[in-house]
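Breakdown of the fold
What follows is each chain in one-letter form.
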Amino acid sequence: MVKIFVRLLWKMARVLVWVEKLVWRCVRLHRVRIVQVVHPLSAALMLLTVGFFVTYEMFYVLPECCDVSGIYYKLHCLLILFFTHNIVGNMCKCWLTDTSFVGLPPGRWNPLPAEAPLWHLCTFCQMLVPPRAWHCRLCNCCILKRDHHCNVVANCIGHANQRYFVGLLLHLSLGSCTALIYNIYHMVCQRSRLSDPLDIVSMSMGLGQTDRMYNLFKSQTLSPHITWLIITGGILKLNIFATALATTHLVMQLLMVCRGSCLYYVKDHSYDLGLWNNVRNVLGKRMLWTALSPFVSSPLPHDGVQWLVPSKLSGKKPV
């Protein structure tokens with residue numbers, strides 16, 4: 001039994017390796033087409049989803065829960081617009097910020113004599129690159145402190161734009177959680193069940209569990225009330241999925257930031273300078289003020305070429 005299990009795992013590993021090779025071969029041969037198609041579709045899907053939830057919450061859910069002329073409605077609309085501003089702004093900043101090694105001034109492309117042993121050769125770019133710089137096959141260049149390639153923002157997440165990516169995930173998570181609270185409160189006010197919308201239909205039509213699917217699709221019309229219950233139930237489930245997805249990515253990013261690591265090389269703890277310095281290296285000098293807006297100026301401590309290690313932190317010697 002153990003041998004069978006080991007052989008099964010070995011075959012699964014070989015299949016995964018084969019799939020990975022196939023994916024990278026496809027990327028190498030069709031990189032431009034993938035970038036031209038996947039990036040716009042991913043960004044458009046994100047923007048359409050955000051726009052849908054903003055419209056749905058501001059013009060349907062909130063008016064059903066409170067007076068549109070009251071201060072409560074206006075304050076919550078301002079909160080929604082605040083989240084929207086930060087989500088769209090951070091997406092644009094992630095996209096427009098060049099975090100590649102070749103984006104630095106040419107004078108920074110060559111290491112100092114004392115730094116030369118720390119730099120490594122990129123076999124794709126055929127040039128020496130600094131520590132924590134790795135090649136991205138979609139961007140076709142080396143990225144400073146490369147974390148991962150994000151199709152939604154059509155760019156690699158690295159040293160210069162990780163602050164904006166963390167801000168994007170933060171406001172996506174907060175906005176999704178806020179929308180989830182609104183939607184649950186709305187369904188409670190409407191005295192609707194929070195279960196499967198088909199259960200609502202079967203109860204309203206007086207049907208049993210075995211016949212509800214058949215009769216539901218056989219019937220030509222449903223009452224507007226039942227139709228809206230189905231729609232709001234589906235939107236609630238989509239909201240739960242979006243909240244879980246954004247929150248999971250945010251937790252992963254915060255964990256990497258606090259450890260001074262990155263998703264490309266999770267096990268690397270050699271640049272962990274402590275919580276305060278790690279956060280400062282990502283968010284910049286103004287730290288948490290960057291959560292207010294992506295347009296808050298917060299210069300980073302360095303340009304991503306020289307890095308401090310814990311043993312050199314006291315002497316402030318860059319590595």
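Residues numbered from 1 in each chain as written. Predicted model: local features only at pLDDT ≥ 70, side-chain atom pairs only at ≥ 80, totals over all residues. Heavy atoms only, no water.

Bringing helix α4 (residues 162-189) into the picture now. Look at α4: 40 Å from first C-alpha to last across 28 residues, which is about the 40 Å you get at 1.5 Å a residue. The buried count for α4 comes to 20 of 28 residues, which makes it a mostly enclosed element. (Helix = DSSP H or I, 4+ residues; strand = E, 2+ residues; numbered from the N terminus. Expected span 1.5 Å × (residues − 1). Buried < 20%, exposed > 50% of the residue type's maximum accessible area, 1.4 Å probe, protein only.)

Further remarks concern the nonpolar core. Ranked by internal contacts, the top residues of the largest apolar core, which has 28 residues, are V153, F165, L168 and L172. Sorting the residues of this core by element identifies α2 (31-65), α3 (71-96), α4 and α7 (224-259) as the ones contributing at least two each. Top contributing element to this core by residue count: α2, with nine residues. In this view, F165 contacts C94, H148, C150, I157 and Q253; residues no more than four positions away in its chain are not counted. (Core = buried A, V, L, I, M, F, W, Y, C linked by side-chain atoms within 4.5 Å. Contact = heavy atoms within 4.5 Å.)

For residues other than glycine, phi is negative in most cases, and the peptide bonds are mostly trans. Positive phi is not limited to glycine here, since Q126 has a value of about 55°. As for its placement among the helices and strands, Q126 is situated in the loop between β1 (120-122) and β2 (127-129). Residues other than glycine seldom take positive phi values, yet K145 does so here, at roughly 45°. For K145, the position within the fold is in the loop between β4 (141-144) and β5 (148-150). Classification of K145 by relative accessible area gives buried; the value is 5%.

With that settled, consider the UniProt feature "transmembrane region" (unreviewed entry) in the chain. Under the UniProt annotation, the feature "transmembrane region" (unreviewed entry) is placed at residues 37-59, 71-88, 164-185 and 226-246. Helix makes up 100% of residues 37-59 and strand makes up 0%, while its end C-alpha atoms are separated by 33 Å. Helix and strand shares over residues 164-185 are 100% and 0% respectively, and the end C-alpha atoms of the span are 31 Å apart. (UniProt positions renumbered as here; feature names shortened; annotations may be inferred.)

Looking at where L47 falls in the secondary structure, it is placed in helix α2. C-alpha separation for the pair L47 and V152, spaced 105 residues apart in sequence, amounts to 9.4 Å. Contacts of L47, omitting those with residues within four sequence positions, involve V88 and M91.

Here the largest pocket defines a volume of roughly 840 Å³. Lining the largest pocket are 35 residues, with M46, T49, L172, A242 and A246 sitting closest to its centre. Elements with a contribution of two residues or more to the lining of the largest pocket: α2, α3, β5, α4 and α7. Per-class residue counts for the lining of the largest pocket are 24 nonpolar, ten polar and one charged. The space that makes up the second largest pocket amounts to roughly 320 Å³. V166, L170, L254, L283 and L288 are, among the 20 residues lining the second largest pocket, the residues nearest its centre. Mapped onto the lining of the second largest pocket, the elements with two or more residues apiece are α4, α7 and α8 (275-283). The element that contributes the greatest number of residues to the lining of the second largest pocket is α4, accounting for six residues. Class assignment of the residues belonging to the lining of the second largest pocket gives a composition of 15 nonpolar, four polar and one charged. (1 Å grid on protein atoms, 1.4 Å probe; cavity = no way out; pocket = protein on both sides within 12 Å on 5 of 7 lines; lining within 4 Å. Points joined across faces, edges and corners; volume = space filled by probe spheres on them. Nonpolar A, V, L, I, M, F, W, Y, C, P; charged D, E, K, R; others polar.)

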